[in-house]
Amino acid sequence: MDAVKHPKREKHDGPLNERLATSGFRFTPQRQHVYDVLLGDRNHPTAEEVFIRAKKGMADISIATVYNCLDALVKCDLVKQVNLDRDATRYCPNMTEHSHFYCDECGDIHDIALPATTQANLNLPRGFRVKQYEISLRGLCRDCAAKQ
Ligand SMILES: [Zn+2]
Ligand SMILES: [Zn+2]
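On a predicted model such as this, the values are computed, not experimentally measured, just so you know. All residue numbers here refer to positions counted from 1 along the written sequence of the relevant chain. The lettering of chains begins at A and the numbering of ligands begins at 1, in the order of writing. Note on the predicted model: pLDDT of at least 70 is required for a residue's local features to be given, and 80 or more for side-chain atom pairs to be given and counted; whole-chain, interface and lining totals, by contrast, use all residues.

(A) A look at the overall build of the protein. Tallying secondary structure elements over the protein gives five helices and five strands in all. Per the convention used, a helix needs a DSSP run of H or I reaching at least four residues, while a strand needs a run of E reaching at least two, with both numbered from the N terminus. Counting from the amino terminus, the protein carries its helices and strands in the arrangement α-α-α-α-β-β-β-β-β-α. Counting other C-beta atoms within 10 Å of its own, a residue is labelled buried from 20 upward, exposed at 12 or fewer, and partly exposed in the gap between, with every C-beta atom placed from the backbone. Expressed as a percentage of its 148 residues, the buried residues of the protein come to 16%.

(B) Representation of the nonpolar core in the model. Among the nonpolar cores identified, the biggest contains 18 residues, and V34, L38, V50, A54, V66, L70 and L73 are the most heavily contacted of them. Listing elements by their share of this core, those giving two or more residues are helix 2 (29-40), helix 3 (47-57) and helix 4 (63-75). Among the elements that make up this core, the one with the highest residue count is helix 4 (five residues). A pair of residues counts as a contact when their C-beta atoms, built from backbone coordinates, are within 7 Å of each other. Aside from chain neighbours lying at most four places away, what touches L38 is V50, V79, Y91 and P93. For our purposes the nonpolar core covers buried Ala, Val, Leu, Ile, Met, Phe, Trp, Tyr and Cys residues that link as a set through C-beta atoms within 7 Å.

(C) Region of interest: the pairing of strand 3 (residues 98-103). Summarising the sheet, strand 3 and strand 4 (residues 109-113) pair through five bridges and their orientation is antiparallel. Bridge pairing links S99 to I112 in strand 4. Paired strands, in this sense, are two strands between which DSSP finds at least two bridges. Direction of pairing for strand 3 relative to strand 5 (residues 136-139): parallel, over a ladder of four bridges. In the sheet register, Y102 faces strand 5, and the bridge partner there is R138.

(D) Molecular detail of helix 4. A helix's residues, less one, multiplied by 1.5 Å, set its expected span. If you check helix 4, its first and last C-alpha atoms are 18 Å apart, about what 13 residues at 1.5 Å a residue would give, namely 18 Å. Considered for burial, the residues of helix 4 that qualify are V66, C69, L70, A72 and L73. Around the axis of helix 4, the buried residues are gathered within 160 degrees of arc, so they sit on the same side. On the buried face of helix 4, the contacting elements are helix 1 (15-22), helix 2, helix 3 and strand 2 (90-92). Looking one or two residues beyond helix 4, the residue adopting positive phi is D77, at roughly 60 degrees. Throughout, the arc means that of the directions going from the helix axis to the C-beta atoms.

Take a look at the structure:
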């Protein structure tokens, strides 16, 4: 019996180096590390929070490098910026269409999947075409709602 081949499972550095290269960015261990930090705890950290987490695995990384890495990841469409009111920009590695639920109590931000029909249900005036949309939700997360 022939063994089934899995050509896609070849070992390499994963999609990050390719995505960086396509957008004209160099792959660096710092960029990989910052991306890993964002993928690790997906609670939409600010750049400063990313910096604090990044230092745990890479003690000599600087805040300037973290900003540089975040900028590269955003430009490569691997991470998106999330802005709420006048808060510091936060970073989200979930690139599927989703909305954000902001908890007024604990300040956490949760990803909420958008139903596929949302765009059709927007009730847009005739002739308008949506290219991108962002819906923000506010309220209490499950944990905070349970405490009340
Ligand atoms: Zn909460
Ligand atoms: Zn998000």
